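Close look at the chain arrangement
The chain contents come next:
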Amino acid sequence: MSTRPPEAGPLAELVGPGAVRAAGAADAIGDLRPSLVVRPGTALEVAAVLRAATERGWAVVPRGGGTTLLWGGRPHRCDVVLDTTGLDALVEHAPADLVCVAGAGMRLGALQATVGAAPGFHQRLMLDPPQGEDATLGGLVATRASGPLRQRYGTMRDLLIGAQFVLADGTVARTGGKVAKNVAGYDLDKLLVGSLGTLAVIVEVALRLHPVPPVSRTVVVEGGEPRELVGFLAAVRRAPVVPSLLEVLWPDRVAILRVDSSTAGAERQAEIAAGLHPAARVVDGAEAAGWADRGRGRPWRGEGLVAGVGVPLAAIAPLLEAVEREHQRGGPVDLALRGGLGVGEIRLAPDPAALERVRLAVEGLGGHLDLRRRPAAASDLRTTPPDPVARELMGAVKGALDLGGTLSPGRLGWAG
Amino acid sequence: MDQPPPLAPGVLEALRQVVGPKWVLTGMDARRTYECDGLTGWRALPLAVVLPATTAEVVAVVRLCHQHRLPFVPRGAGTGLSGGALPTPDGIVIGLSRMRAILEVDLENERVRVQAGVANLAVSRAVDAAGYFYAPDPSSQSVCTIGGNVAENSGGAHCLKYGFTTHHVLGATLVTPDGRVARLGGAVPDGPGYDLLGFVVGSEGTVGIVTEVTLRIVRQPERVQTLLGAFPSVDSAGAAVAAVIAAGIVPAAMEMMDRTTIEAVESTMHAGYPDCGAALLVELDGPAPECSSLFEEVRALCQANGATEVRVAHDEAERARLWRGRKGAFSAMGRVSPDYYVQDGVIPRSQLPQVLAGIRDLEGEFGLRVANVFHAGDGNLHPLILYDRRRPGDTERARSLAERILDLCLAVGGSLTGEHGVGRDKACQMPKLFSVSDQAVMLRARRAFDPLELCNPGKVLPTPRLCGERPGIYRPHLLETAGVAERL
Ligand SMILES: Cc1cc2nc3c(=O)[nH]c(=O)nc-3n(C[C@H](O)[C@H](O)[C@H](O)COP(=O)(O)OP(=O)(O)OC[C@H]3O[C@@H](n4cnc5c(N)ncnc54)[C@H](O)[C@@H]3O)c2cc1C
């Protein structure tokens, strides 16, 4: 064991010496180097740690799988990393109710394996986030992460039905419940989703599961100009086709559509979709798997920064054109867009000028851009700000729940 | 009763200057129209009712309230069933009923922007010809407003598949309780920062006044298929529900009615329902082949679970007929029982048989009948407690029975309300579901928007002052008596 930094003592008293250690190089968040890593095992331990940190003015950054610590802005400070992976128990799986409750530190892969194994059912959490199976449930809530399946199943905003969380002052609270239809009390779930570790440490989540449809069919469109590809997207929206995913990859000039349904249903939907564009074709077997691979976690695969982008449906073509112009300039660029929603991610060179060009283009189209993976040290990258009054309200919410600014200070940029 | 202090001098005049004298109501009769919402047992006279026509007018009215520390209650159509729009006697009501413009129909982007006073059904009507609809369909939809839907996060029979209001609101203009204008969300999902819009939806009018809303519209399904299964008992119908869910099928709607309900429907409106212990109405929609194959599966599952008869609608007229009994269930109840109270509880659907058995036991214990007609697919129960307020003690018994049913729901891991909201009615029951610290955190979040608690005070969260009082008797909402809307 390395020598214990002076601050470890008080925390070790709260969670036991085995759950506190000095931070190492692997614990760095970009260029920020925390002093301590604490791994509490219960909600009450989380509360004790947060209370102690807040009393001492230490900044705490919650960490789950550690897969997305570079999302959002650069925290101003980080004294303590609060590792949630000790909170990884499955609390309940009620397959007949399509609901499960689990510790926020449980990894997505572990959850899928558990709920998938329920005899007599075939269900899962319909989330395929870019950070993959190692991400924890709490981290997925905090980042509002999602992947191509968002087209049909939404994000954590749609799947989270309840949570237990701890505020910086040690208050332990619950919101929602474990039934999907529920309007009792304020919907604090929604504040937690996408809060990037700045409002509370999530310790337990209740999630909606979905049945896995038995049959899948994939349709691919390759080649063509932005407007042609977008013509396909619009035609799909008008057709009796309910895609589970509809990914547009650019500069690949590709659209991948998948329907998941009953045997007859999948077959016919795929046929209809394939008839909507001259270059569209149904692919199966190994080829379908190959396309699935190509789309998965796409913009994260290469080097560089990754930004989230969203534009109105009618602005998808001009967005693709802007991305194509960026491609023509020669810089690395890689866009994966949910074609039925107008939201997705783009990878760019870690160059503020490239980001600025894309941001202005997206905002000009009535959309917005935020950061999902920033270059380690960069702190001056501009993203789309919220409406000014909304921003004041966000600051007020942050102040109401974390008055001392203990949790991930700075990560949200403008709200603290 | 104590008289509330009258409005401070000059306030009325200032309000009149903002909205025009005609739109500030102070007469006793006018104010009385606003003294309750759909839950008529709770009543209070506001000091005045103000009816602004634009966001700018709402801002000016709210600023006056803020300046004078005058509480205000936002109100849509007043169809709420939890006393959410119940006036506060020391404040005013701000009604959105004049703000009923559809501002923009943007088919290309599949969205519609409306003023908050627009009726729910008007949105679907505006896009119907183009092949779209607005999915959340509370059965009060011909009158209830989008602003009220946002405040209550309203649902409907079809939210089993399509989700609730919160899944269909993209953006909103919120006038904060101190009169600032915030644009939350927008035309594109995932806007920057905290999801304040998600918090505002379902906040029951306590964090500001929503004046404009951008809604997502949905493509009409290619096919809709409906069946009615007759079962010997609610248990066997419940087993069919469980089997459908276990088969991985998500119907658009799945509604159940018990014998008491069916008998009431038959004796008053002759819906032609089979004589049985429970009826299950299932509707599927989607692309044609998928819809049809799942429909056959559902039919088989009904039969396998003891359905004595399965009726299938072959056209729109037959579909309407199957729904008629379901939709008319509540007004039918009004005709077989002098009074009734609608409970709105949620349970994990696997607990259906157990909870329904518990309700039967309570019927015996209290000597009152309970009719069950509910959203079986998502476990949202609406037990109707039948009573006669002229019989001494009946009203109190009905109320206690309603509370005991909620206790049953909570005991199996359910919730206090699935769609009608907490409002004033259930504020004092919040501690049954949420701990003191849960509620304290909710209050902190609320106060981030409204530190002075001027906006719809006394709703959602309990206070010691509130929780001693008891509501008066229930009377059917005007719309129900008129047969315009049913209570789901
Ligand atoms: C016959 C009948 C059937 C019903 N069926 C259903 C159903 O199937 N599903 C369902 O979910 N509900 C149902 N309801 C309940 C009710 O219709 C819904 O809650 C509806 O959303 C209320 O809308 P409203 O315009 O009448 O709002 P109100 O009753 O006027 O107000 C409801 C709440 O919203 C707030 N509010 C209203 N407008 C605004 C605004 N612009 N900004 C901020 N806050 C605002 C009020 O302060 C109050 O707290 C039914 C009611 C009746 C009477």
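Residues numbered from 1 in each chain as written. Chains lettered and ligands numbered in written order. Predicted model: local features only at pLDDT ≥ 70, side-chain atom pairs only at ≥ 80, totals over all residues. Heavy atoms only, no water.

As a further point, take the overall build of chain A. A tally of regular secondary structure across chain A gives 13 helices and 19 strands. Against the globule reference of 22 Å for 416 residues, chain A gives a C-alpha radius of gyration of 22 Å, in line with a compact fold. For the C-alpha atoms alone, the extent of chain A along its principal axes is close to 70 × 55 × 45 Å. Counting the 416 residues in chain A, one finds 61% classified as buried. (Helix = DSSP H or I, 4+ residues; strand = E, 2+ residues; numbered from the N terminus. Rg over C-alpha atoms; globule rule 2.2 N^0.38 Å. Buried < 20%, exposed > 50% of the residue type's maximum accessible area, 1.4 Å probe, protein only.)

So, on to the sheet that holds strand β16 (residues 305-310) of chain A. All names here are of chain A. Here eight strands make up an open sheet; going across it, the order is β15-β12-β14-β13-β17-β18-β16-β19 and the pairing antiparallel. Here the strands that pair on one side only, and so sit at the sheet edges, are β15 (280-283) and β19 (368-373). Strand-to-strand, the axes of this sheet are offset by a mean angle of 20°, without reference to chain direction. Sheet topology note: the β16/strand β18 (residues 343-348) ladder contains six bridges and is antiparallel. For L305, the partnering residue across the bridge sits in β18 and is L348. (Pairing = 2+ DSSP bridges. Axes fitted to C-alpha atoms, helices over the stretch in contact; angles between N-to-C directions.)

Here we come to the domain arrangement of chain B. All names here are of chain B. Taken domain by domain, chain B holds domain 1 (11-95), domain 2 (102-219), domain 3 (223-331), domain 4 (337-411) and domain 5 (427-487). The partner domain 5 presents 13 residues to the 15 residues of domain 2 that form the contact. For the pair domain 2 and domain 5, the interface holds two residue pairs in polar contact (both at pLDDT 80 or more). Ranked by residue count, the leading element in the side of domain 2 that touches domain 5 is helix α7 (residues 196-200), at three residues. (Domains from an automatic or database assignment. Contact = heavy atoms within 4.5 Å. Polar contact = N/O pair within 3.5 Å; in protein donor to acceptor, adjacent residues only side chain to side chain.)

This brings us to the nonpolar core. With 137 residues, the main nonpolar core has L125 and L137 of chain A together with L196 and F449 of chain B as its most contacted residues. Ignoring sequence-local partners within four residues, the contact set of F449 of chain B consists of L393 and V397 of chain A together with L174, P177, L196, F199, V200 and V207 of chain B. L257, V323, L355 and V358 of chain A belong to the second-largest nonpolar core, a separate cluster that totals 43 residues. (Core = buried A, V, L, I, M, F, W, Y, C linked by side-chain atoms within 4.5 Å.)

In this model, chain B carries an average pLDDT of 93, and 95% of its residues clear a pLDDT of 70 or more. Quick note on the complex model: pTM equals 0.95, ipTM equals 0.96. (pLDDT = per-residue confidence, 0-100.)

Here the focus is the sheet that holds strand β8 (residues 160-166) of chain A. Residue and element names in this part refer to chain A. With antiparallel pairing, five strands are arranged side by side in an open sheet as β5-β6-β10-β8-β9. What marks the edges here is a single partner per strand, and that holds for β5 (90-94) and β9 (172-176). If you compare each strand with its neighbour and ignore which way they point, the axes differ by 10° on average. Here four bridges tie β5 to strand β6 (residues 99-103), and the two strands are oriented antiparallel to one another. Bridging across to β6, E92 finds its partner in V101. Against the sheet, helix α2 (residues 43-56) engages β8, β9 and β10 (201-208), with an angle of about 50° to β8.

Here the structure, examined in full by the defined rule, presents 61 salt bridges over all chains. The shortest N-O distance in the salt bridge between R311 of chain B and E309 of chain B comes to 2.7 Å. When salt bridges that share partners are traced, they join E247, R338, E345, D370 and R372 of chain A into one network. (Salt bridge = Lys/Arg side-chain N within 4 Å of Asp/Glu carboxyl O.)

Relative to the assigned elements, Y186 of chain A resides in the loop between β9 and α7 (188-192). Its relative accessible area of 1% is what places Y186 of chain A among the buried residues. Put simply, Y186 of chain A and T175 of chain A are eleven residues apart on the chain and 7.7 Å apart in space, counted from C-alpha to C-alpha. When near neighbours in sequence (up to four residues on either side) are disregarded, Y186 of chain A contacts T175 of chain A together with F199, S203, T206, V207, M442, R446, V460 and L461 of chain B.

Per-residue pLDDT for chain A has a mean of 93; in total, 97% of the residues score no lower than 70. Segment residues 1-6 of chain A: pLDDT under 50, and six contacts once partners within four positions in sequence are set aside and those in other chains are kept.

This part is about the pairing of β10 of chain A. Residues and elements named next belong to chain A. With seven of eight residues buried, β10 lies mostly within the body of the structure. In terms of strand pairing, β6 meets β10 through five bridges, oriented antiparallel. In the sheet register, V99 faces β10, and the bridge partner there is R208. Relative to β10, β8 runs antiparallel, the two sharing six bridges. Bridge pairing links F165 to I202 in β10.

Moving on, we come to the state of the cysteines. All names here are of chain B. Tallied over the entire structure, the rule returns one disulfide over all chains. A disulfide bridge connects C428 with C467, and the sulfur atoms are separated by 2.1 Å. On the sign convention where negative means left-handed, the S-S torsion of about -90° between C428 and C467 marks this disulfide as left-handed. A residue pair is termed long-range when its members are at least 10 positions apart, and C428 in the loop between α14 (394-411) and α15 (436-449) and C467 in the loop between α15 and α16 (478-481) qualify at 39 residues. Overall, the relative accessible area of 34% leaves C467 in the partly exposed class. In this structure C159 is not part of a disulfide, and its nearest cysteine sulfur, from C144, lies 13 Å away. For the unlinked cysteine C302, the closest cysteine sulfur is that of C276, found at 12 Å. (Disulfide = S-S within 2.5 Å.)

A few words on the environment of V259 of chain A. Residues and elements named next belong to chain A. Structurally, V259 can be placed in strand β14 (residues 254-261). Separated by 41 residues in sequence, V259 and T218 place their C-alpha atoms 6.6 Å apart. Beyond its immediate sequence surroundings of up to four residues, V259 is in contact with V215, S216, R217, V241, V242, P243, S244, A266, Q269 and A270.

Residues and elements named next belong to chain B. At a minimum axis separation of 9 Å, helix α8 (residues 234-246) and helix α10 (residues 288-304) run at an interaxial angle of 145°. In this structure, the crossing between α8 and α10 has a hand that is right-handed. The segment α8 lies against α10, with A240, A243 and V244 engaging V298, L301 and C302. Residues of the contact of α8 with α10, tallied by class, amount to six nonpolar, no polar and no charged. (Left-handed = near helix turned anticlockwise from the far one by under 90°. Nonpolar A, V, L, I, M, F, W, Y, C, P; charged D, E, K, R; others polar.)

So, on to the packing of helix α9 (residues 259-269) of chain B against helix α12 (residues 329-336) of chain B. All names here are of chain B. Viewed as axis vectors pointing N to C, α9 and α12 meet at an angle of 80°, and their least axial separation amounts to 8 Å. When the axes of α9 and α12 are compared, the pair comes out roughly perpendicular. Contacts from T261, A264, V265, S267, T268 and M269 in α9 reach A329, A332, M333, R335 and V336 in α12. (Parallel < 35°, antiparallel > 145°, perpendicular 65-115°, else oblique.)

What follows deals with the interface of chain A and chain B. The interface of chain A with chain B comprises 71 residues on the first partner and 77 residues on the second. Of the roughly 6,200 Å² buried at the junction of chain A and chain B (both faces included), carbon and sulfur atoms supply 61%. The three residues of chain A that bury the most area against chain B are K181, V183 and Y186 of chain A, which together make up 16% of that side's buried surface. Inspection of the chain A/chain B interface yields nine salt bridges. Between R444 of chain B and D169 of chain A there is a salt bridge, with its nearest N and O atoms 3.1 Å apart. On the surface where chain A and chain B come into contact, there are 27 residue pairs in polar contact (both at pLDDT 80 or more). At the level of secondary structure, the elements contributing two or more residues to the side of chain A that touches chain B comprise α6 (156-159), β9, α7, α8 (226-238), α9 (263-274), β19 and α13 (388-401) of chain A. No other element matches the ten residues that α13 of chain A contributes to the side of chain A that touches chain B. Of the residues that constitute the side of chain A that touches chain B, the class distribution is 36 nonpolar, 17 polar and 18 charged. (Buried area = accessible area lost by both parts, 1.4 Å probe.)

Let us look at the side chain of T384 of chain A. Residues and elements named next belong to chain A. Mapped onto the fold, T384 is located in the loop between β19 and α13. T384 gets classed as buried once you look at its relative accessible area, which sits at 9%. Polar contacts involving the side chain of T384 include one to the side chain of E363, which spans 2.7 Å. Within polar-contact distance, the side chain of T384 engages the backbone nitrogen of L369 at 2.8 Å.

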